[in-house]
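# A look at the structure
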Amino acid sequence: KRLNLLKAGFLFIHRPLTPWNWPLHMQIELTNFCNLKCPVCPIGTCEIKRIPRAMDTSLFEQLINEVGPYLLTASLWAWGEPLLHPQLADILRIAQKYPVITLLSTNGQNLDDRAIIHAIINAPPTYLIVAIDGLTDETHSKFRVGARLEPILSGVRRLAEIKRKERLEFPILHMRYMVMKHKVPFVKDFAQENGFDLLTLRTLSIIDSSSNIHQAFLPKAKELRAYRYEGLNRIRQGDFICQQPFWFPTVLADGTVVACEQDYNAQQSFGKLSMGMSFANLWFSSRSKIIRRMIRDAPESLSFCKNCPYADRWADACSIQAFYLNRSPCSHFRKGDPRAWLIPQKVKHLLALLLARRSRKAMGERRR
């Protein structure tokens, strides 16, 4: 892992079309269907045109066996609700085969299901991220259309109780609150009272869509917005150095590998993972080279690059505040745990030193 990280770091300025390194992080879409209809999500807006499916567990295991030795972190979701995967217990068990920080994000609508709780406790992800965007059903369901708080909070409290009784370190129960037009009163107290270990406040991102519906949810306070605006127009930064196709690919539910999770309809795929096609064959392929060149040298030619949620951010991170409600994340890892040096805060700091991704003008020149 360290060697792979160093290789990636040495190459990040030049971004060669055939990287020396394996991915550092990977987004793995367990399902591409959901039980909610969020208005700023391609599933909620019916813009995902792929056939609904859950990733085959044998395909997931093949992928983990190949990339697990190199990954620092893995996000076990993309466009869909991962807790709807019918073999969630097997997926979580397989994900633990290698010392990788795993993050599982959920809307929590079936988090009170005993089978789900059992799966999470038996093979816990490092972080269980629970999306709550309002402290009442009325405010929460404005963005998470169809959602109820009761099953979320019931499940989180049950997980916190089991962790306390059995003295378990994981999962770290992370409440992620999307800051929007409605106010954020007492959110820290709310998170602590319901058993969360960590609370983050996150800004609202755009998606690759012709709709500007996200503007209806923007908070009035400018410091709580992901982007700067002139009137209704987002101010373009023009200095973003994309690392997605070089470090952070996404594997969709059917095994299709894309350079970035924003390519949610696989407009430009590296190819499809299968029993006869390894990830390495796709990652280092001539096809991936062509796509990397487009993203690196002509991003304006791709809709998912033109509508990139990362390029125009005024801050590097999606989350603007974090509150550790019980203890520091470092303290969750026992001495000798190989994941201890991979906690997201350390990874982020390390990557910041290597990336300096917004040292903008100094690194803005693209090279072939």
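All values reported here derive from a predicted model rather than from experimental measurement.

Parameters and conventions
- Residues numbered from 1 in each chain as written.
- Predicted model: local features only at pLDDT ≥ 70, side-chain atom pairs only at ≥ 80, totals over all residues.
- Heavy atoms only, no water.
- Helix = DSSP H or I, 4+ residues; strand = E, 2+ residues; numbered from the N terminus.
- Buried < 20%, exposed > 50% of the residue type's maximum accessible area, 1.4 Å probe, protein only.
- Contact = heavy atoms within 4.5 Å.
- Areas by Shrake-Rupley, 256 points an atom, 1.4 Å probe, with all protein chains shown as cover.
- pLDDT = per-residue confidence, 0-100.
- Core = buried A, V, L, I, M, F, W, Y, C linked by side-chain atoms within 4.5 Å.
- Phe/Tyr/Trp six-rings, centres within 6.5 Å; stacked < 30°, edge-to-face > 60°.
- Lys NZ or Arg CZ within 6 Å of the ring centre and 35° of its normal.
- Salt bridge = Lys/Arg side-chain N within 4 Å of Asp/Glu carboxyl O.
- Pairing = 2+ DSSP bridges.
- Axes fitted to C-alpha atoms, helices over the stretch in contact; angles between N-to-C directions.
- Parallel < 35°, antiparallel > 145°, perpendicular 65-115°, else oblique.
- Nonpolar A, V, L, I, M, F, W, Y, C, P; charged D, E, K, R; others polar.

### Thoughts on the overall build of the protein chain
Across its full length, the protein chain carries 13 helices and twelve strands. In the protein chain, which comprises 368 residues, the share counted as buried stands at 56%. Here the contacts in the protein chain between residues at least 6 apart in sequence split such that 73% fall between residues at least 24 apart. For the protein chain, the accessible surface area stands at approximately 16400 Å², while carbon and sulfur atoms represent 54% of it.

### Here's the deal with the confidence of the model for the protein chain
The predicted model of the protein chain averages 83 in pLDDT, with 81% of residues at 70 or higher. For the protein chain, per-element mean pLDDT is lowest for helix 13 (residues 360-363), which scores 38, and highest for strand 9 (residues 250-251), which scores 98.

### Section: the nonpolar core
Membership of the largest hydrophobic core comes to 66 residues, with the highest contact counts inside it found for Phe-60, Phe-196 and Phe-279. Dropping the residues within four chain positions of it, Phe-279 is found in contact with Trp-22, Pro-23, Met-26, Leu-63, Glu-66, Val-67, Pro-249, Val-251, Val-257 and Leu-273. By size, the runner-up hydrophobic cluster in this structure holds nine residues, among which are Cys-38, Ile-43, Ile-48 and Tyr-264.

### Observations concerning the packing of aromatic side chains
Summed over the entire model, instances satisfying the criterion amount to seven aromatic pairs. Arranged with centres 5.8 Å apart and planes meeting at 75°, the rings of Trp-79 and Tyr-264 form a pair that is edge-to-face. Placement of the pair is Trp-79 in the loop between strand 2 (73-75) and helix 3 (88-95) and Tyr-264 in the loop between strand 10 (256-258) and strand 11 (269-272), with a sequence separation of 185 residues. There is no split in this pair, since Trp-79 and Tyr-264 are both buried. Ring centres of Trp-247 and Phe-248 lie 5.8 Å apart, and the angle between their planes is 80°; this geometry places the pair in the edge-to-face category. Taken as a pair, Trp-247 and Phe-248 share a single burial class, namely buried. Taken together, the ring pairs in this structure connect Trp-22, Tyr-70, Phe-270, Phe-279, Trp-283 and Phe-284 into an aromatic cluster. Taking NZ or CZ as reference, Arg-292 lies 4.5 Å from the ring centre of Trp-283, over its face.

### Side note on the pattern of salt bridges
Across all of its chains, the model carries nine salt bridges by this definition. Of the charged contacts in the structure, one is a salt bridge between Arg-93 and Asp-90, with a shortest N-O distance of 3.7 Å. With Arg-93 and Asp-90 both in helix 3, this residue pair falls three residues apart, about one helical turn. In this structure Asp-90 comes out as partly exposed when scored by relative accessible area, which is 32%.

### Let's talk about the pairing of strand 4 (residues 127-131)
Burial of strand 4 is extensive: five of the five residues sit out of reach of the surface. Here strand 4 shows no split at all, with Tyr-127, Ile-129 and Ala-131 on one side and Leu-128 and Val-130 on the other all buried. As judged from the four bridges shared by strand 3 (residues 101-106) and strand 4, these two strands associate in the parallel manner. Paired with Thr-106 across the strands is Val-130, a residue of strand 4. Pairing of strand 4 with strand 5 (residues 172-178), which is carried by five bridges, proceeds in the parallel orientation. Among the inter-strand pairings, Tyr-127 is bridged to a residue of strand 5, identified as Ile-172.

### So, the packing of helix 3 against helix 4 (residues 114-122)
Two numbers describe how helix 3 lies on helix 4: the axes approach to 9 Å, and their chain directions differ by 10°. Between helix 3 and helix 4, the angle falls in the class roughly parallel. Across from Leu-88, Ala-89 and Leu-92 in helix 3, the residues of helix 4 making contact are Ile-116, Ala-119 and Ile-120. Its residues placed into classes, the contact of helix 3 with helix 4 shows six nonpolar, no polar and no charged.

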